[in-house]
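Observations on chain architecture
Read off the chains here:
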Amino acid sequence: MALKQDNLNDSYGLGRGITPNFEIWYDDSLPNQTRVIANANALIAAVETEFTVTTGWFNTPSGKFGASHRQRVLLNRGGGSGANNSGYGNDINLDSLGTGGVTAAVAAEQVKMVWMNEWVEILMSLTNGKWNAGDSSGEALSQYCGIVRFQQGHYAYYGSWVATWLNTAGRPDWVTSTEGTDGNAVSFGCALGFLYYLNTQLGFSINEIIAAYDTNLMKTYNALTGDPGNPFPFFASLLERAYPSSSTATIPGPVSDDPFPIAALSFLADKNTFGRDEVQDIITTSAGRWPRAFWLAVDGFSQASYQSLGIAPAPLSGPFASMAGVTLTQRPDIDYENATHPRQPQRIRIPYDVTFSSTALAGFPSSGSTTKELDGSVAAGGTTVPGGQASMLFELVAGSDPYFTNIDPSQNNVFYLSQDVRVFTATPDLNGTPVPGGPAFTSPTPAGAYGYVQSLLGWLNTTYSDPTGTDPFTSVLPGQGGALTGDSSVTPFTVDWSHFPPRLAQNFNFAIARVRLRGTAGPSGAANGTKVFFRLWSTSTADTDYQPTTTYLSDNDAAGQPGRPRAGAGHTTLPFFATGNNGASADYAAGGPNNKDVTIATGDSVWVYYGCFLNVYDGGNVVDGRPVQQWLNGTHHCLVAQIAYDDTPLFTGESPQSSDKLAQRNLQVTVSDNPGPAETHRVPQTFDLRPSAPDPTGTARPDELMIDWGRVPTGSTAHIFWPAVQAQEVLDLADALYATHTLKVVDTNTIACEVTGGVSYIPIPARSGDNFAGLFTVDLPVGIHAGEEYSIVVRRLTDKEAPPPVEIRTLPANVNGKGKGKGDKGVTVAELEGTKRPGGDGRKRPLGGWRVVTGTFQVTIPVSTPDHMLFAEENTLAILRWRLLNRPLTDRWVPVLKRLVEYVAARVDGLGGDASSIEPSPNGVPISLALGDRDHGHEHGRVVRGKVSEVRYDCNGAFEGLVLGACACGCEKGHAVRSCSRGIARIVLRALRHDLTVSLVLAHEGGHVERISVE
């Protein structure tokens, strides 16, 4: 054997076989010398171009090669025998012939490919130990480079390494760890697949990938994306979607090691059930449009790669899309889950409006309901992306039954908050006729409140039953400018500033529901025995869907349908009535205030009103041995009105979003300070959530919370405290479900979620038994300003039905792959296509999941100042401490209430109050605190006394202080005092008007008013 350069080309004038950076030699003892020499000359023609490309990838230091350090390449191995090297400064020993049975041109490509594999390993040895050519990650990079530069040669020589891993039982993880050998096709096949995930799916260049590598590919992903999580579970689940492990997998060419892009597409439905009558109403009032009725959700891409790959939704199809009179419009405001990190993989929501015209009414059934399928897909360059298909069903329900309508054009409300349920507060000591033109509220007692609501319902039904007339919900009921506000259970009183001295006036809360009926006038079209139940959740919740065995418990009527409401399981819900604290019998007796025969007198429609007194402050309102206040676990609550009509019963799982028999009101309002300390920027809210359903098979997706952050500032941090849940369990689920997320473990039962704009998703662990008591908090950053307002919408997502089974179609083999240097046969696999629709019509059923929103609550955060906030926070603290004091220690809410009390106490202190002085009380704090009479646990400051000689306002008209003149006895000189308290402003103006003497106690530090008294 002799190494020669005879007959090789002198392409650079440096001698035969010599290039600026390489020396090419061949073994003259090998067979088929003509082929060997041809392959060597083909290599000479390629190496300098590849040198420039690959040293750029690796950022190889200059001076390592060139005239004095040329890399020797020896074509000295037999055909099909592979290649080897021992690192920088050593020869590359190369297959000189390629595999048998191929053309000369293909053989040359094979030789160039195996050279590339070895050459990049030489470059790896120059990375100061970052890359190791002898482990699974290094071998994957070697194979990647050979495929990218000499694809034809690779697939004429080897099969698909990634398919080898996909067809290995369990698909072991060689992303979070690296195997210390380059000889296991399973480990480097897994790593090679992940390199393509980073490059093709997420759009990172090979230069970036090589530079970011550190020990294993998970750390590479972490460095590239900024996501600290484990990427393997989502990577594996994405591949499982397109290449299920239950079948032999084949990746179609031309690069059969690159299965990407893959999309995980699903529908998220906020509204996919429509009643004919509500549709007709919305056609009349809102041009038939339901905004953001559903989304297409695309998982698997970053914002940057989604855009650079040209991923886009294809036109929607299927029976619902083609229904006459239905228009489905994609909105331009695509929601990126993590817009501040556009290179992190994230869920991308594409919103759609549904619009009906009058033509669509003919497509509704005359009775019962029917379903129509909607199919969606995403494509790149006109080709559907694997996994990028999904479907869901829309339900169309016949009319001529009692119903609620949700969308109110005058309020511009989202449709999970109904326009047909309103909550208002009456304070009869301040206004004896809360509803203008309506009955008087003369007795400020619970009995008086029950009498008032019955009189009010009678008046509404007499005066406002005609849908063509005035709408009392927009023009008559008080406080409807903020009618989406749900009802608070920590504001028992209103301060009466018109009285001197100020006093507390009792508040009374009421709920009114309007039921609509379209159809035929007279008895033949009547809906007899139409009942409405009113239920208050003990706190905010995303579980307002109809669950008749838990939250919607009822006593049945003679027909076996719900006849009157009961407290929900575990007192998660509480019923309220119009006739008394336990007024179910009277409310729902024939002709009772909440059981009516709904009859159209004239025309084709009628409005009928139902209602209740939300008696949450009366200690005499006892449910199962406890006052109602003791069952309440938050400060604001979800209220749902249910139409109970025997001829059109509700089905389990229907929600206020989807059903026209359920109407919801809820909005948590917690104020944030500006600027104030961190404690006053922490906004807490309790919430109740049932666990995901247990799944013995371990294959079902858990339910999720989908949190829309709206305008909440980037940099805010949310926390969820679930005492019954291990925080790490939530993170493990998130790692498996999502490509990336911003969730972190804070303590054993608390997770943190960084607000990065857009949307966040939090998986709900599966359990049997009690609901999860939770505390949701948002810590706002500095820089917020008084007058700003932020809204957060929290939805629960669940599977409507399991994704359909898949049918695998085996494709003919198109690659004669061979194992690395061993001649192992490649494996042919199948392509995921879909299943045929039941009924044999031959159409493909789209793949993917279908998720629906089962419930929603909203948190609104107005930014204010301490003088507006403090008294309300003190009131809340007193009531929460009383509730906690009266809870059994074993109650699941005790840990949550303890933490909530800590947070509210910190807010009180941060606002300038003294939380330690607030005693537990179901009635809140004394009125003296509203007047600035606070003992801060230390000696009071100095006292100034005199008559008000001047009241000062800033340029915006806001109160900023006063001047006291010298009193008649001359014991005190004139004194200027700064204050922005509205309560002090009212007293000062009254004292000025009536020439009264005022005494002020001023704090030693800061000089703010601690106490005011009037003589």
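Let me sum up the structure you'll find in this document. (Residues numbered from 1 in each chain as written. Predicted model: local features only at pLDDT ≥ 70, side-chain atom pairs only at ≥ 80, totals over all residues. Heavy atoms only, no water.)

1. Here we look at the overall build of the protein
- Helix and strand content of the protein: 20 helices and 49 strands.
- When burial is assessed residue by residue, the protein has 57% of its 1015 residues classed as buried.
- For the protein, the proportion of contacts with a sequence separation of at least 24, taken over those separated by at least 6, is 74%.
- With the model as given, the accessible surface of the protein reaches about 37300 Å², and the carbon-plus-sulfur share is 51%. (Helix = DSSP H or I, 4+ residues; strand = E, 2+ residues; numbered from the N terminus. Buried < 20%, exposed > 50% of the residue type's maximum accessible area, 1.4 Å probe, protein only. Contact = heavy atoms within 4.5 Å. Areas by Shrake-Rupley, 256 points an atom, 1.4 Å probe, with all protein chains shown as cover.)

2. Focus: the nonpolar core
- Counting 85 residues, the largest nonpolar core has Trp-115, Trp-119 and Leu-141 as the members making the most contacts within it.
- Here this core gathers at least three residues from each of two domains, domain 1 (1–125) and domain 2 (127–252).
- Contacts of Trp-119, omitting those with residues within four sequence positions, involve Phe-22, Glu-50, Phe-51, Thr-54, Thr-55, Phe-65, Gln-71 and Ile-92.
- With 50 residues, the next largest nonpolar core counts Trp-295, Leu-662, Val-725 and Val-863 among its residues. (Core = buried A, V, L, I, M, F, W, Y, C linked by side-chain atoms within 4.5 Å. Domains from an automatic or database assignment.)

3. Section: the side chain of Asn-621
- Residue placement: Asn-621 occurs in the loop between β25 (605–614) and β26 (622–623).
- Asn-621 sits in the buried class, given a relative accessible area of 2%.
- Apart from the residues within four sequence positions on either side, Asn-621 is in contact with Phe-576, Asn-581, Asn-615, Arg-626, Pro-627 and Val-628.

4. Quick look at the sheet that holds strand β36 (residues 750–754)
- In spatial order, the strands read β20-β32-β38-β34-β36-β35; together these six strands make up an open sheet with mixed pairing. In this open sheet, the two strands that pair with only one neighbour each are β20 (540–541) and β35 (743–747).
- Across two bridges, β20 lies against strand β32 (residues 682–689) in parallel orientation. Counterpart to Ser-540 in the pairing with β32 is Phe-687.
- In this fold helix α16 (residues 727–737) packs onto β35 and β36, with an angle of close to 170° to the strand it touches most, β35. (Pairing = 2+ DSSP bridges. Axes fitted to C-alpha atoms, helices over the stretch in contact; angles between N-to-C directions.)

5. Things to note about helix α20 (residues 982–993)
- For α20, spanning 12 residues, the distance from its first C-alpha to its last is 17 Å, which sits close to the expected 16 Å at 1.5 Å a residue.
- Of all the positions in α20, only Gly-983, Ile-984, Ala-985, Ile-987, Val-988 and Ala-991 are classed as buried.
- Summarising the contacts, the buried residues of α20 are in contact with β45 (943–953), β46 (959–965), β48 (997–1002) and β49 (1009–1014).
- After α20 finishes, the residue Asp-995 shows a positive phi value of roughly 60°. (Expected span 1.5 Å × (residues − 1).)

6. Here's the deal with the pattern of salt bridges
- The full count for this structure, using the stated rule, is 42 salt bridges.
- Residue Arg-347 pairs with Asp-299 through a salt bridge whose shortest N-O separation is 3.0 Å. In this pair, Arg-347 is assigned in strand β12 (residues 345–356) and Asp-299 in strand β8 (residues 289–302), connecting sequence segments 48 residues apart. Each member of the pair, Arg-347 together with Asp-299, is buried.
- A salt bridge links Arg-892 to Asp-688, with the nearest nitrogen and oxygen atoms 3.0 Å apart. Residue Arg-892 is located in the loop between α17 (866–885) and α18 (894–910), and its partner Asp-688 is located in strand β32; the two are separated by 204 residues in the primary sequence.
- For Asp-688, a relative accessible area of 2% translates into the label buried. (Salt bridge = Lys/Arg side-chain N within 4 Å of Asp/Glu carboxyl O.)

7. Things to note about unusual backbone geometry
- Residues Gly-253 and Pro-254 are joined by a peptide bond in cis, for which omega reads 10°.
- Here Pro-254 is to be found in the loop between α9 (232–242) and β6 (264–269).
- Between Phe-260 and the following residue, Pro-261, the backbone shows a cis peptide bond with an omega angle of 5°.
- Here Pro-261 shows up in the loop between α9 and β6.

These figures come from the coordinates and say nothing about function on their own.
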